[in-house]
Amino acid sequence: HPANLPEQARARLYRLNLLKADHWIIDGLTIDGGPGRAPNIVRGASHNIFQRLLIERGDQALLWFSMYDPEGIPSEYNVVQRSVLRNADISSGDDICIGARADSSGAGIAMRGNVFVDNEIYDCTQSIQLVCCTGSTENDGPFPGTIIDNNDLYVSPARYCDGNGN
């Protein structure tokens, strides 16, 4: 796993953007967003496997799934497993490690069957966020068949609050 390797031994990308890309297996990479960059954007991409990744630092969410808006193509049946997500540095104040937005067009398009399992998530105020924008017409909600299971969430002492909102 890249989180167990020294920095110089990691295969490192600064951004991974899958736009309408299907049937990829992304395995064993370090994706380091850095200041002002969203490290991973998956838009309108389906049937992909993301495994054994180290994803850290970046603006927006560390790993974000959304619909490809111009054509209404959802991101469905993707798997994120056995990965480490950490050190989110989100300028908006909400540190989102994995985010998914079902629809921003108002057309009621759902994102089905995405799986988030066996991941380690560190210091995120919103570890896994599922957002439904306007117009969902799905009986099962905007994320039918989504599985979120066996993820370990950690908070370091630097993130503890003092009971007064600080």
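Everything discussed here concerns the structure shown above.
Here the structure is a predicted model, which means the values were calculated and not measured. (Residues numbered from 1 in each chain as written. Predicted model: local features only at pLDDT ≥ 70, side-chain atom pairs only at ≥ 80, totals over all residues. Heavy atoms only, no water.)

### A short note on the sheet that holds strand β6 (residues 49–51)
The strand order across the open sheet built from five strands is β3-β6-β9-β12-β15, with neighbouring strands paired in parallel fashion. Of all strands in the sheet, those bounded by a partner on one side alone are β3 (25–27) and β15 (147–149). Sheet twist, expressed as the average angle between the axes of neighbouring strands with direction ignored, equals 5°. Across three bridges, the pairing between strand β12 (residues 115–117) and β15 is parallel. (Pairing = 2+ DSSP bridges. Helix = DSSP H or I, 4+ residues; strand = E, 2+ residues; numbered from the N terminus. Axes fitted to C-alpha atoms, helices over the stretch in contact; angles between N-to-C directions.)

### Describing the sheet that holds strand β7 (residues 54–56)
Pairing is parallel in the open sheet, where six strands are placed in the order β1-β4-β7-β10-β13-β16. Taken across any chain shown, the strands that pair with only one partner, and hence form the sheet edges, are β1 (12–13) and β16 (152–154). Strand direction decides the pairing type here: β7 and strand β10 (residues 84–86), joined by three bridges, are parallel. Within β10, the residue paired with Leu54 across the bridge is Val84.

### Examining a negative patch on the surface
Taken together, the side chains of Asp118, Glu120, Asp149 and Asp152 present a region of like negative charge at the surface. Assignment of secondary structure puts Asp152 in strand β16. (Patch = residues over 30% accessible without salt bridge, like charges linked within 9 Å, V, L, I, M, F, W, Y side chains within 5 Å. Areas by Shrake-Rupley, 256 points an atom, 1.4 Å probe, with all protein chains shown as cover. Salt bridge = Lys/Arg side-chain N within 4 Å of Asp/Glu carboxyl O. Lys, Arg positive; Asp, Glu negative; His and termini not counted. Charge placed at Lys NZ, Arg CZ, Asp CG, Glu CD.)

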